[in-house]
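# Structural overview for review
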Amino acid sequence: DAMVIQNPRYQVTQFGKPVTLSCSQTLNHNVMYWYQQKSSQAPKLLFHYYDKDFNNEADTPDNFQSRRPNTSFCFLDIRSPGLGDAAMYLCATSRGGIDQPQHFGDGTRLSIL
Amino acid sequence: SQQGEEDPQALSIQEGENATMNCSYKTSINNLQWYRQNSGRGLVHLILIRSNEREKHSGRLRVTLDTSKKSSSLLITASRAADTASYFCATDEGSARQLTFGSGTQLTVLP
């Protein structure tokens, strides 16, 4: 089945140690999103790619970077994780346009020691 | 900025009852979407309603949109224990190519 896959499901890292989260999709969607979701809160958009066009949200910390080497894969890099970065990170895709549904992966839960 | 606000924050009902969740937003929209999130999982798209539509149905789901009141409601009829989840509304912000999610309603359906 076509889907959005996030690896790993759980990631533990140390304070200040860089970490990379990955997302892959078999839907061939041109838009990919990264969201941060803290406990009992709404998902918060960090950035998205419209094809290769990178769009960063104004309040996304510089500590967060993203790469999209091809249509299928997208990575979230956190350069120096702080305790406040502990959260669920959700990847989503859509077939372009704000009037299209987004398809989410099951997320990576990041813990910071 | 958060666009949609859900009400109530939490709702607990018995299996078989109907569940109604409301979403209010502040500015004009082109469309509004509802998503479900089971605990520890990603969001699942339920339904999209456009600003020129007033009501939409999908199985046991009914969504209404009142643009004059800037509000939407999601009705789940004949609820089941498997409907236990958080429900989020999400709106576009006009020219922005993104969705902004509300704070969600935690629905618990008791068997």
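This text gives an overview of the structure that appears in the document. Note that the structure is a prediction, hence the values are computed from the model and not measured.

Calculation notes
Residues numbered from 1 in each chain as written. Chains lettered and ligands numbered in written order. Predicted model: local features only at pLDDT ≥ 70, side-chain atom pairs only at ≥ 80, totals over all residues. Heavy atoms only, no water. Disulfide = S-S within 2.5 Å. Helix = DSSP H or I, 4+ residues; strand = E, 2+ residues; numbered from the N terminus. Buried < 20%, exposed > 50% of the residue type's maximum accessible area, 1.4 Å probe, protein only. Pairing = 2+ DSSP bridges. Core = buried A, V, L, I, M, F, W, Y, C linked by side-chain atoms within 4.5 Å. Contact = heavy atoms within 4.5 Å. Buried area = accessible area lost by both parts, 1.4 Å probe. Salt bridge = Lys/Arg side-chain N within 4 Å of Asp/Glu carboxyl O. Nonpolar A, V, L, I, M, F, W, Y, C, P; charged D, E, K, R; others polar.

### Section: the state of the cysteines
Applying the stated criterion to the full structure yields two disulfides over all chains. Between the sulfur atoms of A:Cys23 and its disulfide partner A:Cys91 the distance amounts to 2.0 Å. With the S-S bond torsion at -70 degrees, the cross-link from A:Cys23 to A:Cys91 turns out left-handed. Pair noted here: A:Cys23 is in strand S3 (residues 19-25) and A:Cys91 is in strand S9 (residues 87-94), with a separation of 68 residues, a long-range link. Considered together, A:Cys23 and A:Cys91 belong to a single accessibility category, that of buried residues. The disulfide bridge from B:Cys23 ends at B:Cys89, spanning 2.0 Å between sulfur atoms. Every disulfide takes its handedness from the sign of the S-S torsion; for B:Cys23 and B:Cys89 that torsion is 65 degrees, giving right-handed. Of this pair, B:Cys23 sits in strand S3 (residues 19-24) while B:Cys89 sits in strand S9 (residues 85-93), placing them 66 residues apart in sequence. For B:Cys23, a relative accessible area of 1% gives the class buried. For B:Cys89, a relative accessible area of 0% gives the class buried. Free of any disulfide, A:Cys74 has its nearest cysteine sulfur in A:Cys91, 6.0 Å distant.

### Looking at the pairing of strand S5 (residues 44-50) of chain A
In the case of a regular strand, side chains alternate between the two sheet surfaces. All names here are of chain A. The element S5 is extensively covered by neighbouring structure, given that five of its seven residues are classed as buried. Here strand S4 (residues 31-37) pairs with S5 via six bridges, running antiparallel. Looking across to S5, one finds that Gln 36 is bridged to Lys 44. Linking two consecutive strands that pair antiparallel, namely S4 and S5, is a turn of six residues; a positive phi of about 60 degrees is found at Ser 40 within it. Both S5 and strand S6 (residues 53-56) contribute to a ladder of four bridges, which runs antiparallel. Note on S6: the bridge partner recorded for Tyr 49 is Phe 54.

### Points about the nonpolar core
One finds B:Leu32, B:Trp34, B:Leu74, B:Ile76, B:Tyr87 and B:Leu107 to be the most contacted residues of the largest nonpolar core, which totals 21 residues. Contributing elements (two or more residues each) for this core: S3, strand S4 (31-37), strand S5 (43-50), strand S7 (61-66), strand S8 (71-76), S9 and strand S11 (105-110) of chain B. For B:Tyr87, the residues in contact, after removing those within four places along its chain, are B:Glu6, B:Met21, B:Tyr35, B:Arg36, B:Leu46, B:Leu74, B:Ile76, B:Gly104, B:Thr105 and B:Leu107. A:Val4, A:Leu27, A:Phe64 and A:Ile78 belong to the second-largest nonpolar core, a separate cluster that totals 19 residues.

### Focus: the interface of chain B and chain A
With 21 residues of chain B in contact, the opposing surface of chain A contributes 23 residues. Note on chain B versus chain A: buried area summed over both sides is about 1700 Å², and carbon and sulfur give 52% of it. Close ionic contact of B:Arg50 with A:Asp99 constitutes a salt bridge, the shortest N to O distance being 3.4 Å. Of all the elements in the fold, those that place two or more residues in the side of chain B that touches chain A are S4, S5, S9 and strand S10 (96-101) of chain B. Here the element with the most residues in the side of chain B that touches chain A is S10(B); it accounts for five residues. Looking at the side of chain B that touches chain A residue by residue, the class counts come to seven nonpolar, ten polar and four charged.

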